[in-house]
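Overview (structure and organization)
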Amino acid sequence: MKATYSYDDILAAYSSLGVTTGETVYVTSDLWEVRGFEKPGGKALLKAHVDAIQELIGPGGTICVPTASVHLCNTDEPFDLEKTEGKLRGAISEHVRRLPDSRRSFHPFFSYAAVGRKADALTRNAPRGAFVYGSPEYRMMDENALCLSIGKHPRFTCTTVHLVEQAMGVPYRYSKEFMHPVIRDGEVSVEPFNYFVYYLDSDIERDGNRTLFKRLAGELLMQETQLGAGTVYSYRMREFFERSCDIFNDDIYVWCETPPTQRPWRK
């Protein structure tokens, strides 16, 4: 592993992972894990990675990032499409959200921001359910976007698993309606939004997608390469969705540490 790396090294790494002209790239990141860029400072590191992706995909490509604000759930704080920051989604997500030509989907708890040719197509007129048919996550899956996980193994960053859960109708989750304040045209209105939540009165324990990705080994083409202090990964979203649906079909509780014994969804 190189102690330091350059902008050209970023280009080479991302190119080897399939980031190419016209591509739609769904980026999740923890840039601290790929520290070691030759120029000092977080801003230089952030700019280099985003610039490299944009250089590789060109004007016909698109970058999409999660800008979730789940911290607003069960609060009275209004969601502001322009001002509400995403939380715990990495520096690249917030950087893309703030770009002048960025577009963002309208959902108070789980939104996405995008720049590039398909930014509008991925984010406009988003449904009120976060992981339903026609959601930004579904749209990216439908066109087989390239998932690029920077610094973290995809099992820690993958959001498409929730699209799989909703598609497969997992029993431990249900669609809950939240009446939440949002800002539209400068005015606050309270509107209904759906979020796929799990039953709190069950003894469900998450396993951090460990079992799912173990079972995906050999089924999902995942590429990886070293960059600075860490690793960058890529895989195709539609391939992940289809393979994971098969696994959930065989084991509907694969997302859980063990099958729960307390099942309040049983009638």
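This section reports on the structure supplied with the text. (Residues numbered from 1 in each chain as written. Predicted model: local features only at pLDDT ≥ 70, side-chain atom pairs only at ≥ 80, totals over all residues. Heavy atoms only, no water.)

1. Thoughts on the overall build of the protein chain
Stated formally: In DSSP terms, a helix is any run of H or I states spanning at least four residues, a strand is any run of E spanning at least two, and both are numbered starting from the N terminus. We compute the radius of gyration over the C-alpha atoms and compare it with the globule rule, which gives 2.2 Å times the number of residues raised to the power 0.38. Here the term buried applies to any residue with accessible area under 20% of the maximum for its type, exposed to any over 50%, and partly exposed to those in between, with areas from a 1.4 Å probe on protein chains only. Only heavy atoms matter for contacts: two residues are in contact if any of them lie within 4.5 Å across the pair. For accessible areas, the Shrake-Rupley method is used with a probe of radius 1.4 Å. Any residue's cover is judged against the shown protein chains and nothing else.
Each helix and strand in the protein chain was counted, giving 9 helices and 9 strands. At 19 Å, the protein chain has a C-alpha radius of gyration in line with the 18 Å of a compact globule built from 267 residues. Taking the principal axes of its C-alpha atoms as reference, the protein chain extends roughly 60 × 50 × 30 Å. The proportion of buried residues among the 267 residues of the protein chain is 50%. Sequence separation of 24 or more characterises 70% of the internal contacts of the protein chain that already satisfy a separation of 6 or more. Just so you have it, the protein chain exposes about 12800 Å², and 48% of that area is on carbon and sulfur atoms.

2. Comments concerning the layout of surface pockets
The line we're drawing: Note on definitions: the grid is 1 Å and covers protein atoms alone; a cavity is a set of points where a 1.4 Å probe fits but cannot get out; a pocket is an open set with protein on both sides within 12 Å along at least five of seven lines; lining residues have an atom within 4 Å of a point. Grid points are joined across faces, edges and corners, and a volume is the space filled by probe spheres set on the points. Any residue outside Ala, Val, Leu, Ile, Met, Phe, Trp, Tyr, Cys, Pro, Asp, Glu, Lys and Arg is labelled polar, Gly included; the first ten of those are nonpolar and the last four are charged.
Of the voids in this model, the largest pocket is the one considered here, and its volume is about 980 Å³. The wall of the largest pocket is formed by 37 residues, among which Arg-89, Phe-110, His-162, Tyr-195 and Arg-206 lie closest to the centre. Looking at the lining of the largest pocket, the elements that each hand over two or more residues are β1 (24-29), α6 (154-157), α7 (160-168), β6 (173-184) and β7 (187-198). A per-class count over the lining of the largest pocket returns 18 nonpolar, 10 polar and 9 charged. If you add up the space inside the second largest pocket, you get close to 160 Å³. Leu-81, Glu-82, Arg-97, Arg-98, Leu-99, Ser-102, Arg-103 and Arg-104 are the residues that line the second largest pocket. Mapped onto the lining of the second largest pocket, the elements with two or more residues apiece are α3 (91-98) and β3 (103-104). Residues of the lining of the second largest pocket, tallied by class, amount to 2 nonpolar, 1 polar and 5 charged.

3. Some points on the pairing of strand β4 (residues 112-116)
As a reminder, the rule being used: We call two strands paired when DSSP finds no fewer than two bridges between them.
Within β4, 4 of the 5 residues are buried, which leaves it mostly tucked inside the rest of the structure. Sheet analysis places strand β2 (residues 62-66) next to β4, joined by 5 bridges and oriented antiparallel. Bridged to Val-65 within β4 is Ala-113. Bridge analysis of β3 against β4 gives 2 bridges, and the strand direction is antiparallel. If you follow Arg-104 over to β4, its bridge partner there is Ala-113.

4. A closer look at the packing of aromatic side chains
Aromatic ring pairs are reported here in terms of the distance separating the ring centres and the angle at which the planes meet. Going by this rule: In this scheme Phe, Tyr and Trp rings, the latter by its six-membered ring, pair at centre separations within 6.5 Å, and the angle between planes marks the pair as stacked below 30 degrees, edge-to-face above 60, and tilted otherwise.
In the structure shown here, the tally under the stated rule is 17 aromatic pairs. A ring pair is formed by Tyr-26 and Tyr-112, whose centres lie 6.1 Å apart and whose planes are at 50 degrees; its orientation type is tilted. One end of the pair, Tyr-26, is in strand β1; the other, Tyr-112, is in strand β4, and 86 residues separate them in sequence. For the pair Tyr-26 and Tyr-112, a shared accessibility class is recorded, and that class is buried. With a centroid separation of 6.3 Å and an interplanar angle of 25 degrees, the aromatic rings of Phe-106 and Phe-193 are classed as stacked. Of this pair, Phe-106 sits in the loop between β3 and β4 while Phe-193 sits in strand β7, and the two are 87 residues apart along the sequence. Exposure remark for Phe-193: the relative accessible area of 1% places this residue in the buried category. Among the aromatic residues, ring-to-ring pairing joins Tyr-172, Tyr-174, Tyr-198, Tyr-199, Tyr-253, Trp-255 and Trp-265 into one connected group.

5. A look at empty space enclosed by the protein
Here the structure, examined in full by the defined rule, presents 1 cavity of 30 Å³ or more. Quantified by volume, the largest cavity comes out at close to 60 Å³. In terms of residues, the lining of the largest cavity owes the most to one element, strand β5 (residues 146-150), which gives 3 residues. Among the residues making up the lining of the largest cavity, the classes are represented as 5 nonpolar, 5 polar and no charged.

6. Quick notes on the environment of Arg-139
Rules: What qualifies as a polar contact is a pair of N or O atoms within 3.5 Å, subject to a donor-acceptor requirement within protein and to the restriction that residues adjacent in sequence count only when both atoms come from side chains.
By secondary structure assignment, the location of Arg-139 is in helix α5 (residues 136-142). In this structure the C-alpha to C-alpha distance between Arg-139 and Ala-126, which are 13 residues apart in sequence, comes to 9.9 Å. A polar side-chain atom of Arg-139 sits 2.6 Å from the main-chain carbonyl oxygen of Gly-134.

7. Focus on the pattern of salt bridges
Our working rule: In the sections that follow, a salt bridge refers to a side-chain nitrogen of Lys or Arg positioned within 4 Å of a carboxyl oxygen of Asp or Glu.
For the structure on display, the rule yields 14 salt bridges. Notably, a salt bridge pairs Glu-94 with Arg-97, separated by 2.7 Å at the nearest N-O pair. Taken together, the residues span about one helical turn, with Glu-94 and Arg-97 both in helix α3 at a distance of 3 residues. One salt bridge in this structure joins Lys-118 and Glu-143, with 3.5 Å as the shortest N-O distance. One end of the pair, Lys-118, is in the loop between β4 and α4 (119-123); the other, Glu-143, is in the loop between α5 and β5, with 25 residues separating them in the sequence. Salt bridges here are not isolated pairs; linked through shared partners, they connect Glu-85, Glu-94, Arg-97 and Arg-98.

Shape descriptors only; they carry no functional weight alone.
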